[in-house]
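An overview of the molecular structure
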Amino acid sequence: MPDLSRLNPAKPFLPWVLLALGIAAPFALSAYDLNLLARFMAMGILALGLVLIWGHGGILSLGQGVFFGLGGYAIALHMKLADLPQGEIPDFMVWSGRESLPFWWEPFASPAFTIAAILIVPTLVGALFSWAVFHRRVGGTYFALITQALALAFSTLIISRQDVTGGFNGLTDFYSIFGIGLASPGTGSMLYWVTLAILCAAFVGLRWLLASRFGILLRAARDGENRVRFLGYSPTPFKVVAFAIAAMLAGISGALFTLHAGVVSPALIGVVPSIEMVVWVAIGGRYSLAGAIVGALLVNLARDAVSSAFPELWLYLMGALFIFVVTLLPRGLAGLIKGKAA
Amino acid sequence: MSGSAVSDLLLSVDGVTIDYSGFKALDNFSMTLNRGETRVVIGPNGAGKSTLCDTIIGRVRPSEGRVIFKGEEIQRLPEQAIVARGICRKFQAPGVLPTLSVRDNLALAARRDRRWWKSFGTGIPADETLAIEEALESVGLTQRATVEAGTLAHGEKQWLEIAMVMATGAELLLLDEPTAGMGPAETSRTAQLIHGLGTSRTVLVIDHDMSFVEQLAAPVTVMHQGKFLKQGSIADVRADPEVAAVYLGHTA
């Protein structure tokens, strides 16, 4: 990227122009389009985490949907409870024959607990899971397969416990968040700006992290784990911390997505969606933070356009795109731009 | 005389056996290294030279025997603890980190505090910066400090890794075939580089290249089939009929 800025004097301003456009979007877009953009930006937050672990850490996760789901279900639990009259339980529980709220739902009535859960639960699960695998020196394809199994197990668990999770249909029909009506005027714009702000914060934070010694070590462990180990470092904590950060970003992403989409369900977090998340980043460029955001936006935009016209075509198109990018553009769209400049 | 020899003892490999399900890569092998010494280990392929390095740095664990470094048994310590005690190894195939700059490679090696929670920053302490600059200078890579290590020529990669091993500040350097893939001029430079360390470090060199071994002018230990065979000057070893039979005979 720096070489490009020398060739093109407009380059240093580009991020600021994009940021200004991003901030102004609610004044230019319809409520429907703004909501779509906000969803895609929320997904961009997850994509940033994949750049950290996959691009710079060499850790391919086919299970980011799990962490996305943990964040999404946490906020969904809260919203289901917030709109409930005193003493009642969510309607789907009644239909399943339950008479009381499961104990682990109860703390989600608190906004503070919910926010803490969104931030902490995916991070902790990510840290414990990746530590369990990495400290036994399992990596590469085996790790990817284990994460895929995790995604399958998680979505299966949710589907099988219909009475407490909403099952296959997931959780939907949300009316307010932290006392603000979701349908009230201005809420859409506000939630969009919140998402934009978090996306920018994650971008800046990861840029700093990747440039720090931590980032250098992560790349070093990706390229030569043994060399790093026999220089006196233990690579495991670096990989675990990176994975936990990516899990946290996925959790935040899932919570914001659920807010914008008004639904969370196993269909959004299982094996196939988890692979799609990797595809966004492969297409955008797995070494580039900006590329990953662009990838998440473009692929989801394309998905929205294609699948509304030809629903059955999308999977094939995405598969073809993935093959094309992996074989011909290993650095994704970001590599294309860099390649031109060089 | 014997008293000073004991206090000068840095490393002692004591009756070590490495058993790969029946195949003994090291078979009751023993050797000692004194502080400041340079020692060359030679032997035919499969003699157990690289396995010896693997054992000292904790990459493989002996089924029998002990590795004693500065009076402490280290054969059960985790790898990073062994490095922290002051042992670092250059691998046979260059193990530089290809996507990092030459300087970043050395910065990782020169770093004294290797705990992960101390890695959230970019600053490099003055003494480490100095060590990095010295390491660059010693292998003539100062002009190439900012290029990606993966783009270096093969010989330069070897030197960079030697410089990394030196920059860790380790007392004991294990150099596994440092001249592999080098031409005669590069080999001579490598010998000078190791000579330049003088007695400030203890160096264990493994190599096949007899001209390089002669240039090092260091005592030689000969291994054969995982066992100790002979020890002496290069001339002694060359003159030894047993060594000629198992090793030099093959190459002559």
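Residues numbered from 1 in each chain as written. Chains lettered and ligands numbered in written order. Predicted model: local features only at pLDDT ≥ 70, side-chain atom pairs only at ≥ 80, totals over all residues. Heavy atoms only, no water.

**Some remarks on the packing of aromatic side chains**
The geometry of an aromatic ring pair comes down to the distance between the two centres and the angle between the two planes. The tally for this structure, following the rule as stated, stands at 16 aromatic pairs over all chains. Geometrically, the ring pair formed by Trp104 of chain A and Trp105 of chain A is tilted, given 6.3 Å between the ring centres and 45° between the ring planes. Arranged with centres 5.9 Å apart and planes meeting at 90°, the rings of Trp116 of chain B and Trp117 of chain B form a pair that is edge-to-face. Among the residues examined, Trp116 of chain B registers a relative accessible area of 29% and is labelled partly exposed. On the basis of relative accessible area, Trp117 of chain B is assigned to the partly exposed category, the value being 48%. What links up through ring pairs into an aromatic cluster is the set Phe214, Tyr233 and Phe238 of chain A together with Trp116, Trp117 and Phe120 of chain B. In this structure, Arg286 of chain A packs its charged tip against the face of Trp54 of chain A, placed 4.6 Å from the ring centre. (Phe/Tyr/Trp six-rings, centres within 6.5 Å; stacked < 30°, edge-to-face > 60°. Buried < 20%, exposed > 50% of the residue type's maximum accessible area, 1.4 Å probe, protein only. Lys NZ or Arg CZ within 6 Å of the ring centre and 35° of its normal.)

**A few points about the interface of chain B and chain A**
Across the boundary between the two partners, chain B contributes 31 residues, which contact 26 residues of chain A. Regarding the contact of chain B and chain A, the summed buried area is about 2500 Å², with carbon and sulfur atoms giving 66% of it. At the junction of chain B with chain A, the criterion picks out two salt bridges. Among the salt bridges present, the one from Arg137 of chain A reaches Glu79 of chain B, with a minimum N-O distance of 2.8 Å. Scanning the region where chain B abuts chain A turns up eleven residue pairs in polar contact (both at pLDDT 80 or more). Put simply, the parts of the chain that give the side of chain B that touches chain A at least two residues each are helix H3 (79-85), strand S6 (87-90), helix H4 (102-110) and helix H6 (154-167) of chain B. Taken together, the residues that form the side of chain B that touches chain A break down as 14 nonpolar, eight polar and nine charged. (Contact = heavy atoms within 4.5 Å. Buried area = accessible area lost by both parts, 1.4 Å probe. Salt bridge = Lys/Arg side-chain N within 4 Å of Asp/Glu carboxyl O. Polar contact = N/O pair within 3.5 Å; in protein donor to acceptor, adjacent residues only side chain to side chain. Helix = DSSP H or I, 4+ residues; strand = E, 2+ residues; numbered from the N terminus. Nonpolar A, V, L, I, M, F, W, Y, C, P; charged D, E, K, R; others polar.)

**Re the side chain of Arg213 of chain A**
Within the element layout of this structure, Arg213 of chain A appears in helix H10 (residues 213-223). Although Arg213 of chain A is buried, it makes no salt bridge; Glu128 of chain B carries the closest opposite charge, 5.7 Å away. In this structure the side chain of Arg213 of chain A is engaged in a polar contact, spanning 3.4 Å, whose partner is the backbone oxygen of Lys118 of chain B. With sequence-adjacent residues up to four places away left out, Arg213 of chain A is seen in contact with Arg111, Lys118, Ser119, Gly121, Thr122, Gly123 and Ile124 of chain B. (Lys, Arg positive; Asp, Glu negative; His and termini not counted.)

**Some words on the sheet that holds strand S2 (residues 23-34) of chain B**
Residues and elements named next belong to chain B. Reading across from one edge, S2-S1-S4-S5 is the order of the four strands in this open sheet, with antiparallel pairing throughout. For this open sheet the edge positions go to S2 and strand S5 (72-73), each flanked by a neighbour on one side alone. Here two bridges tie strand S4 (residues 64-69) to S5, and the two strands are oriented antiparallel to one another. Bridge pairing links Ile68 to Glu73 in S5. The strands touched by helix H2 (residues 49-57) within the sheet are strand S1 (9-20), S2 and S4, with S1 carrying the most contacts at an inclination of about 110°. (Pairing = 2+ DSSP bridges. Axes fitted to C-alpha atoms, helices over the stretch in contact; angles between N-to-C directions.)

**A short note on helix H15 (residues 314-328) of chain A**
Along an α-helix, residues three or four positions apart point the same way, because every turn accommodates 3.6 residues. Residue and element names in this part refer to chain A. With 15 residues, H15 ought to run about 21 Å at 1.5 Å a step, and its terminal C-alpha atoms sit 21 Å apart, in line with that. Among all positions of H15, only Trp314, Met318 and Val325 are buried. Taken around the axis of H15, the buried residues stretch over an arc of 35°, which confines them to a single face. When the buried face of H15 is taken as reference, the exposed residues oriented beyond 90 degrees from it are Tyr316, Ile323, Thr327 and Leu328. (Expected span 1.5 Å × (residues − 1). Arc of directions from axis to C-beta.)

**Some remarks on the nonpolar core**
Core analysis: the largest hydrophobic core is formed by 150 residues, its most contacted members being Trp105 and Leu171 of chain A together with Leu106 and Leu160 of chain B. The leading source of residues in this core is helix H3 (residues 31-56) of chain A, at 16 residues. In this view, Leu106 of chain B contacts Ile132, Ala135, Leu136, Leu160, Ala163, Met164 and Ala167 of chain B; residues no more than four positions away in its chain are not counted. Core analysis: the next-biggest nonpolar cluster, separate from the first, contains 31 residues, Phe29, Leu77, Phe91 and Leu172 of chain B among them. (Core = buried A, V, L, I, M, F, W, Y, C linked by side-chain atoms within 4.5 Å.)

**Here we look at unusual backbone geometry**
Residues and elements named next belong to chain A. Within the chain, Arg137 stands out as a residue other than glycine whose phi angle is a positive 60°. For Arg137, the position within the fold is in the loop between helix H6 (111-134) and helix H7 (140-160). Non-glycine residue Phe178 carries a positive phi angle of around 50°. Following the sequence through the fold, Phe178 ends up in the loop between strand S2 (176-177) and strand S3 (180-181).

**Quick notes on a nonpolar patch on the surface**
On the surface, Ile115, Leu119, Ile120, Leu124, Leu128 and Phe178 of chain A cluster together into a nonpolar patch covering about 560 Å² of accessible area. Inspection of the secondary structure puts Leu128 of chain A in helix H6. (Patch = residues over 30% accessible without salt bridge, like charges linked within 9 Å, V, L, I, M, F, W, Y side chains within 5 Å. Areas by Shrake-Rupley, 256 points an atom, 1.4 Å probe, with all protein chains shown as cover.)

**Examining the packing of helix H13 (residues 271-284) of chain A against H15 of chain A**
Residues and elements named next belong to chain A. Where H13 meets H15, the closest approach of the two axes is 10 Å, and the angle between their N-to-C directions is 45°. One way to sum up the angle between H13 and H15 is to call them oblique. Considering only the axes of H13 and H15, their crossing is left-handed. Between H13, through Val272, Glu276, Val279, Ala282 and Ile283, and H15, the contact on the second element is made entirely by Trp314, Leu315, Met318, Leu321, Phe322 and Val325. (Parallel < 35°, antiparallel > 145°, perpendicular 65-115°, else oblique. Left-handed = near helix turned anticlockwise from the far one by under 90°.)

**Points about the confidence of the model for chain B**
For residues with low pLDDT, the predicted coordinates do not support detailed interpretation. Residues and elements named next belong to chain B. Confidence along chain B averages 90 in pLDDT terms, with 95% of residues attaining 70 or more. Taken element by element, chain B is modelled with least confidence in helix H1 (residues 2-8), mean pLDDT 55, and with most confidence in S4, mean pLDDT 96. Note on residues 1-6: pLDDT is under 50 here. Beyond four places in sequence and across chains, it has one contact. (pLDDT = per-residue confidence, 0-100.)

**Brief notes about the packing of H4 of chain B against helix H5 (residues 126-138) of chain B**
Residues and elements named next belong to chain B. For the pair H4 and H5, the least separation of the axes is 9 Å and the interaxial angle reads 125°. Classed by the angle they form, the pair H4 and H5 counts as oblique. Pair H4 / H5 crosses with right-handed handedness. Listed contacts from H5 to Val102, Arg103, Leu106, Ala107 and Ala110 of H4 are Glu128, Ala131, Ile132, Glu133, Ala135 and Leu136. Residue composition of the contact of H4 with H5, by class: eight nonpolar, no polar and three charged.

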